[in-house]
Amino acid sequence: MSSGTANGSSMELGECIRNTGFHEDDETEDAVGGDEENRTSTVRISPGREEDTYSQIKPYAGMPKEVLLLYSVQARYRLPREILFWLTIVCTLALVALTVTVIVLSPRCLSWWQSSPVYQIYPRSFKDSDSDGIGDLKGILDKLDHFQYLNIKAIWISPFYKSPMKDFGYDVEDFRDIDPLFGSMQDFDDLLAAMHDKGLKLIMDFIPNHTSDTHQWFNLSSSGHAQYKDYYIWANCNTTHAPNNWVSVFGNSSWTYVEERQQCYYHQFLKEQPDLNFRNPHVRREMTEIVRFWLEKGVDGFRMDAVKHILEAKHLRDEPQVDPQQDPDTIDTEFELHHDYTTTQLGLHDILQDWRGEMDVYSREPGRYRFMVAESYDYEETDKTMMYYGTPYAKESDFPFNFYLMDLPTNLTGTGAQGLVNLWMANMPVGKWPNWVVGNHDKPRISSSVGQEYITVINMLLLTLPGTPTTYYGEEIGMVNINVTIDEIQDPFGKFNPVSNASRDPQRSPMQWSDGPNAGFSDANHTWLPLHPHHTTVNVEAQQKDSGSVLSQYRALSLLRQAQLPLHRGWMCYVWSDADVFAFLREIDGLDKAFLVVLNFGADSVINLSAITELPEQLTLHMSTKQENYGMPVIKSSISTARGEGLLLEYSTHMRFNPGHASQCFVSEKACYLGVLDILYKC
């Protein structure tokens, strides 16, 4: 032990606690030597003072690892750290579990073809850009803002392929080219790019059943070329005797003799439209390649035209007569035969499913789903139409077109309207998506068939029913048929029998954009079909300025359909139908807001819905096709409608109608609403 003096006080070195984390500078350590490191010392301050001994060094900033480890094992530091660690783990797992649950329980988002109406453009009549009196692709490009105004995202354009125009484009000479009448392939590319830039989708007409008789394939087949001789359906015959009694859709025999080949070819439509032989695998490959060609270009979907005609029976037997007593030589229309051998043949759906598979390949890109709709009107045989939805194991079209509402003119009552709606809903496979059509290029305009006073209530029906509505150009402003004289007929079907009023020209007149020359459709001196005289008052420009017009009401309903959950994916439940009124509810489980739609297809009427306990006593008038008193209360025991009026009534209730009335209610993409999180979930 050693001692020393400092400032008059004696200091004695004794034992002390060694700070193993402390190191002197290298120079000091070198001077002291290695043995010094193991020495201990004691510090004692002046005799008589209380001894202070450091038993522990406190944590400090920049402490070395050894000191940090010394304190990290102490409970007061270790416990909070472990609590934070496990809390983080639990929160992470809970967040992952919640995310997985939301994903699993969330219903599928509606695709673009479900969330928007489909708008059909007949290109000859939509807008002329080059002053030749005929509409074209550049004209469509000029009017894309019209669809954004209507809140429409899906545009179906009727055929614009290269064609001799014997059936206005449904007789295709080249499936990979644009007819010069409508523009060029560059015009098409520009149109498609512009549509996509605006968030619009383009649906093309695909015509698989037949080609034009000017198509290269048919020319080679007619000459007996080895590769193409079986591309079409040929049978032995002569100029006076057809192979069988099969009749064309346009009337008379569906067989035409070709001298060069000494045989007849089959055509279900015009003789200029020979049917392809889909039992030939080369034909199927060719047509599939055409589908790929347009998908590669970026089209968003196809309307598959006349699909039920694609296959015919190989045996070529006579079809049975509707009237067995009729003289067979007098049969000259399709309605005089049962089409057991010329429509919906075995193998048809395999072909469509193959095309669906091709489209699914191109649908893998996010946001680029490729849509497919089948066109097949099977009249009362609804089971045949429903087969185009596919099966639980094989996907086919997203929906087949529903043409039953085209029969409204002969069923113009509340009960009749409900019957036509129910004809589809009651037969549609569970979970499939419905659709509604009231007009197209082949049928008279609905305004002419039922009267202009009903056009707004019919538009309300289309836009409030569940599913996808299809609007034929001009229906949004209430266009009607034109009068066409025999000399003015352009339609080949009309020319075939001009005195039968079979022409489809009246519903194909030019679109009415304004009250200017040619209704703003064209700057030409003469348009391909006459304009309707009322275009000076019934046109887009005038109706945009009128809040009560057909156009303004259509737009309001289109916006409402997208904005309101019950309208675009909720339940639809019938609550009333009689000679005048058809009424139904739109509701979604979990959401208090719901809608009652009341549609008058007859005379002025007052209905009493007091028996429906799920309805509150008072409802709010959200929209009427005839009145301006929006927001006014309506009593459910006395709901009044005028002839041709539609009401959209809003109400709030915790009670749901659908649980207790399963036979009256339908839903496709079922979902429930969770208000706490403001989300939809599967239920």
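Per-chain numbering applies: the sequence of each chain, read as written, is numbered from 1 onward. Totals for whole chains, interfaces and linings use every residue, but because this is a predicted model, local features are given only for residues with pLDDT of at least 70 and side-chain atom pairs only at 80 or more, for both listing and counting. To get the side-chain values, all heavy atoms of the structure are used, and hydrogens and water are removed first.

K.L.:
Would you explain the overall build of the chain in this entry?
P.N.:
Only runs of H or I of at least four residues qualify as helices and only runs of E of at least two qualify as strands under DSSP, and these elements are numbered from the N terminus. Within the chain, the secondary structure is distributed over 18 helices and 27 strands. Along the longest, intermediate and shortest principal axes, the C-alpha atoms of the chain span 145 × 75 × 50 Å. Here the chain holds 683 residues, and 51% of them are scored as buried. The rule is simple: take the accessible area with a 1.4 Å probe, protein chains only, and divide by the maximum for that residue type; under 20% is buried, over 50% is exposed, in between is partly exposed.

K.L.:
Sorry, what's going on with the domain arrangement of the chain here?
P.N.:
Where interface size is given, it is often the accessible area lost as the parts come together that is meant. Each domain's extent was defined by an automatic or database domain assignment. Split into domains, the chain comes out as domain 1 (65-105), domain 2 (114-211 + 279-310 + 343-558), domain 3 (212-277 + 312-342) and domain 4 (570-681). Note on definitions: a residue-residue contact is assigned when non-hydrogen atoms from the two residues lie within 4.5 Å. Opposite the 30 residues of domain 2 that make contact, domain 4 presents 30 residues. For the domain 2 and domain 4 pair, buried surface summed over both sides reaches about 2400 Å², with 63% attributable to carbon and sulfur atoms. Contact with domain 4 buries surface across domain 2, with Gln418, Val457 and Met460 losing the most and accounting together for 22% of the total. Each salt bridge in this description consists of a side-chain nitrogen of Lys or Arg and a carboxyl oxygen of Asp or Glu lying within 4 Å of one another. Glu453 is the salt-bridge partner of Arg643, the closest N and O atoms lying 3.3 Å from each other. Each polar contact in these results corresponds to two N or O atoms within 3.5 Å; when the atoms are within protein, one needs to be able to donate a hydrogen and the other to accept it, and residues that are neighboring in sequence are counted only if both atoms are side-chain atoms. At the junction of domain 2 with domain 4, the criterion picks out 11 residue pairs in polar contact (both at pLDDT 80 or more). The set of elements that each furnish at least two residues to the side of domain 2 that touches domain 4 consists of α12 (414-425), α14 (455-464) and α17 (550-563). When two components associate, each loses some accessible surface as probed by a 1.4 Å sphere; the sum of these losses over both components is called the buried area.

K.L.:
Can you walk me through the sheet that holds strand β10 (residues 255-258) in this structure?
P.N.:
Read from one edge of the open sheet, three strands run β9-β11-β10, paired in antiparallel fashion. Looking at the sheet topology across the chains shown, the edges are occupied by β9 (234-235) and β10. Only when DSSP finds a minimum of two bridges between them are two strands counted as paired. The pairing of β9 with strand β11 (residues 263-266) spans two bridges and is classified as antiparallel. Following the sheet pairing, Ala235 is matched in β11 by Cys264.

K.L.:
Looking at this model, I keep getting lost on the pattern of salt bridges. Mind explaining?
P.N.:
Should the charged atoms of two oppositely charged side chains come close, the side chains can pair. Per the stated rule, a full pass over the model turns up 26 salt bridges. For Glu82, the salt bridge identified is with Arg78, shortest N-O distance 3.7 Å. In this pair, Glu82 and Arg78 are both assigned in helix α3 (residues 75-105), four residues apart and thus about one turn of the helix distant. Note on Glu82: relative accessible area 37%, which makes it partly exposed. By relative accessible area, which is 33% here, Arg78 ends up partly exposed. Each of the salt bridges in this network shares a partner with another, and the network as a whole consists of Asp167, Asp442, Asp491, Arg504 and Arg508.

K.L.:
In this structure, what is going on with the state of the cysteines? I would like to understand it.
P.N.:
A covalent bond between the sulfur atoms of two cysteines is what we call a disulfide. We call a pair of cysteine sulfur atoms a disulfide when they lie within 2.5 Å. Under the counting rule described, the total for this entry stands at three disulfides. Here Cys573 pairs with Cys665 through a disulfide, and the sulfurs are 2.1 Å apart. Here the disulfide of Cys573 and Cys665 is right-handed, its torsion about the S-S bond being about 120 degrees. Separated by 92 residues along the polypeptide, Cys573 in strand β17 (residues 571-577) and Cys665 in strand β25 (residues 665-666) bring together distant segments of the chain. The same class applies to Cys573 as to Cys665, namely buried. Linked covalently through their sulfurs, Cys672 and Cys683 form a disulfide whose S-S length is 1.9 Å. Between Cys672 and Cys683 the sulfur-sulfur dihedral comes to about 85 degrees; the bridge is accordingly right-handed. Of this pair, Cys672 sits in strand β26 (residues 672-674) while Cys683 sits in the segment after β27 (679-681), and the two are 11 residues apart along the sequence. Judged by its relative accessible area of 43%, Cys683 is partly exposed. Sequence-ordered numbering of the bonded cysteines in the chain yields a pairing of 1-2, 3-4, 5-6. Sulfur of Cys109: no disulfide; nearest cysteine sulfur belongs to Cys683 and is 15 Å away.

K.L.:
What's the story with the packing of helix α7 (residues 185-197) against helix α9 (residues 281-297) in this structure? I'm lost.
P.N.:
The packing of two helices is summarised by the inter-axis angle and the distance between the axes. Fitted lines through C-alpha atoms serve as axes, helices being fitted only where they are in contact, and the angles separating the N-to-C directions of these axes extend from 0 to 180 degrees. Direction vectors running N to C along α7 and α9 enclose 55 degrees, while the axes themselves pass 11 Å from each other. Looking at the two axes, α7 sits oblique to α9. Of the residues in α9, those touching α7 at Met185, Phe188, Asp189 and Leu192 are Phe293, Trp294 and Lys297. Split into classes, the residues belonging to the contact of α7 with α9 amount to five nonpolar, no polar and two charged. Angle categories: roughly parallel below 35 degrees, roughly antiparallel above 145, roughly perpendicular from 65 to 115, and oblique for all the rest. Under the scheme applied, nonpolar residues are Ala, Val, Leu, Ile, Met, Phe, Trp, Tyr, Cys and Pro; charged residues are Asp, Glu, Lys and Arg; polar residues are all the others, including Gly.

K.L.:
It is not clear to me how the nonpolar core should be interpreted in this structure. Could you clarify?
P.N.:
Soluble globular proteins tend to pack their nonpolar side chains together in the buried interior. The biggest cluster of nonpolar side chains holds 133 residues, and the ones touching the most others in it are Tyr119, Phe188, Met287, Trp294, Phe302 and Trp355. With seven residues, the single largest contributor to this core is α14. When residues no more than four places from it in sequence are discounted, the contact partners of Met287 are Phe175, Phe206, Ile207, Pro208, Trp217, Leu276, Phe278 and Trp355. Formed by 22 residues, the second largest nonpolar core is a distinct cluster that contains Trp571, Leu609, Leu615 and Val634. What is meant by a nonpolar core is a set of buried Ala, Val, Leu, Ile, Met, Phe, Trp, Tyr and Cys residues, joined one to another through side-chain atoms within 4.5 Å.

K.L.:
Help me understand the packing of α14 against α17, please; the structure alone is not making it clear to me.
P.N.:
Direction vectors running N to C along α14 and α17 enclose 15 degrees, while the axes themselves pass 10 Å from each other. Considered as vectors, α14 and α17 are oriented roughly parallel to each other. Between α14 and α17 lies a crossing of right-handed hand. In contact with Ile455, Thr456, Asn459, Met460, Leu463 and Thr464 of α14, α17 contributes Val550, Gln553, Tyr554, Leu557, Ser558 and Arg561. Of the residues assigned to the contact of α14 with α17, the class counts are six nonpolar, five polar and one charged. In this scheme, a crossing is called left-handed if the near helix is turned counterclockwise away from the far one by less than a right angle; it is called right-handed if the turn is clockwise.

K.L.:
Help me out: how do you make sense of the packing of aromatic side chains in this one?
P.N.:
The geometry of an aromatic ring pair comes down to the distance between the two centres and the angle between the two planes. Any two rings among Phe, Tyr and Trp, with Trp reduced to its six-membered ring, count as a pair given centres within 6.5 Å; such a pair is stacked if its planes are under 30 degrees apart, edge-to-face if over 60, and tilted if neither. Within the structure shown, the criterion is met by 45 aromatic pairs. Here Phe206 and Trp355 contribute two aromatic rings whose centre-to-centre distance is 5.5 Å and whose plane-to-plane angle is 85 degrees, an arrangement assigned as edge-to-face. In this pair, Phe206 is assigned in strand β8 (residues 201-206) and Trp355 in helix α10 (residues 348-362), connecting sequence segments 149 residues apart. On the accessibility criterion, Phe206 (0% relative accessible area) is buried. Assessed through its relative accessible area of 1%, Trp355 is described here as buried. Measuring from centroid to centroid gives 6.0 Å for Phe278 and Trp355, while their planes differ by 80 degrees, and the two rings are edge-to-face. Note that Phe278 is positioned in the loop between β11 and α9 and Trp355 in helix α10, a separation of 77 residues in sequence. Overall, Phe278 belongs to the buried group, its relative accessible area being 3%.

K.L.:
I would appreciate a short explanation of the environment of Cys237 in the present structure.
P.N.:
The topology assignment puts Cys237 in the loop between β9 and β10. Cys237 gets classed as buried once you look at its relative accessible area, which sits at 16%. Residues Cys237 and Pro469, spaced 232 residues apart in sequence, show a C-alpha to C-alpha distance of 46 Å. Not counting chain neighbours up to four residues away, the residues in contact with Cys237 comprise Ala242, Pro243, Tyr257, Gln262, Gln263 and Cys264.

K.L.:
Would you mind going over the UniProt feature "transmembrane region" (unreviewed entry) in the chain with me for this structure?
P.N.:
UniProt positions are given in the numbering used here, feature names are shortened, and annotations may be inferred rather than shown by experiment. Mapped onto this numbering, the UniProt entry annotates "transmembrane region" (unreviewed entry) at residues 83-105. Annotated as residues 83-105, this span is 100% helix and 0% strand, and its ends, taken at the C-alpha atoms, are 32 Å apart.

K.L.:
Explain the side chain of Gln553 to me, please; I cannot follow it from the model alone.
P.N.:
The residue Gln553 is located in helix α17 in this model. Under the relative-accessibility criterion, Gln553 is labelled buried at 6%. Dropping the residues within four chain positions of it, Gln553 is found in contact with Thr456, Gly548, Met623, Ser624 and Thr625.

K.L.:
Would you explain unusual backbone geometry in this entry?
P.N.:
Trans is the common state for peptide bonds, and a negative phi is the common state for residues other than glycine. One non-glycine residue, Met165, adopts positive backbone phi at about 65 degrees. Considering the arrangement of structural elements, one finds Met165 in the loop between β6 (161-162) and β7 (174-178). Positive phi, normally seen in glycine, also occurs at Gln262, with a value near 60 degrees. Relative to the elements of secondary structure, Gln262 occurs in the loop between β10 and β11. Overall, the relative accessible area of 44% leaves Gln262 in the partly exposed class.

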